[in-house]
Amino acid sequence: MTVQTSDQKWAAQAAAGDESAFRELYRAYVRPVYWIAHGILGSAVDAEDVVQETFVTAWRKLPGFELQGESILPWLATICRFQAANRLRRRRRDLAHTTDAVDDALPSTIDVEEQVITAALAARIAAEVDTLSDLDREIFRLCAAEGYAYQAAAEELGVSHAIVRNRLSRVRTRLRGAVKEASEA
């Protein structure tokens, strides 16, 4: 018997029209989706709008969606990036129409800001990952970076499923703390 993750269970139930399951997904991922949108757009108001657009789109697309991995966040992040890109295009178009000329500085500024935020965040995460034990670093690499399921990572590393699940949970909590510290600095 295969045990479903909570994301797999909630996604399946939400795809069948269960609003409470979708609320669970929303509660679990509204913050990461917000920070992805905010990182791209640099505006709290726009990020909030994109979060709403992301979850409305996800609700509409869930009936035809089948979660392949254990987490629905990569799918939500893809929707969010698409919605944020649309908002950027609208912003540029609106700016071009209001000034009768395209402002070439706007896309460059946004791209540079996003690259600086992304690079700083990646450096902070990499520094934190470097402080992990060898086993935790391998678990993180396999599950988070390469998309291994817990059981596949456990078999690869010669440990139990529970060890992978528990250690990865602790690593993610630690990395979230590091990301939060970096964003507050």
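Keep in mind that this is a model prediction, so the values were computed, not measured. (Residues numbered from 1 in each chain as written. Predicted model: local features only at pLDDT ≥ 70, side-chain atom pairs only at ≥ 80, totals over all residues. Heavy atoms only, no water.)

**Student:** Could you clarify how one ought to interpret helix α1 (residues 6-15) in this entry?
**Tutor:** Given 3.6 residues per helical turn, the α-helix brings residues three or four places apart onto the same face. For α1, every residue scored as buried is listed here: Asp-7, Gln-8, Trp-10, Ala-11 and Ala-14. Considered in projection along α1, the buried side chains sweep an arc of 170° and stay on one side of the axis. Contacts made by the buried residues of α1 are with α2 (19-41) and α3 (44-61). Positive phi shows up at Gly-17, right after α1, with a value of about 100°. (Buried < 20%, exposed > 50% of the residue type's maximum accessible area, 1.4 Å probe, protein only. Helix = DSSP H or I, 4+ residues; strand = E, 2+ residues; numbered from the N terminus. Arc of directions from axis to C-beta. Contact = heavy atoms within 4.5 Å.)

**Student:** Can you help me understand α3 in this one?
**Tutor:** Relative to the 26 Å expected for 18 residues at 1.5 Å per residue, α3 spans 25 Å between its end C-alpha atoms, a close match to the ideal helical length. Among the residues of α3, those classed as buried are Asp-46, Ala-47, Val-50, Val-51, Thr-54, Phe-55, Thr-57 and Ala-58. Buried residues of α3, seen end-on, are gathered within an arc of 165° and therefore sit on one face of the element. Exposed and facing more than 90 degrees away from the buried side of α3 are Val-45 and Arg-60. (Expected span 1.5 Å × (residues − 1).)

**Student:** I'm lost on the side chain of Gln-83 in this one. Help?
**Tutor:** Examined against the element boundaries, Gln-83 turns out to sit in helix α4 (residues 73-99). Not counting chain neighbours up to four residues away, the residues in contact with Gln-83 comprise Val-50, Glu-53, Thr-54 and Thr-57.

**Student:** In this structure, what is going on with the packing of aromatic side chains? I would like to understand it.
**Tutor:** Describing an aromatic ring pair means giving the distance of the ring centres and the angle of the ring planes. Enumeration according to the criterion identifies 5 aromatic pairs in this entry. With 5.0 Å between their ring centres and 65° between their planes, Phe-22 and Trp-59 make a pair best called edge-to-face. Of the two residues, Phe-22 is situated in helix α2 and Trp-59 in helix α3; the sequence distance between them amounts to 37 residues. A centroid spacing of 4.7 Å and a plane angle of 70° characterise the contact between Tyr-26 and Phe-55, whose relative ring orientation is edge-to-face. Placement of the pair is Tyr-26 in helix α2 and Phe-55 in helix α3, with a sequence separation of 29 residues. Of the residues examined, Tyr-26 reaches a relative accessible area of 27% and is grouped as partly exposed. Joined through ring pairs, the aromatic side chains of Phe-22, Tyr-26, Phe-55 and Trp-59 make up one cluster. (Phe/Tyr/Trp six-rings, centres within 6.5 Å; stacked < 30°, edge-to-face > 60°.)

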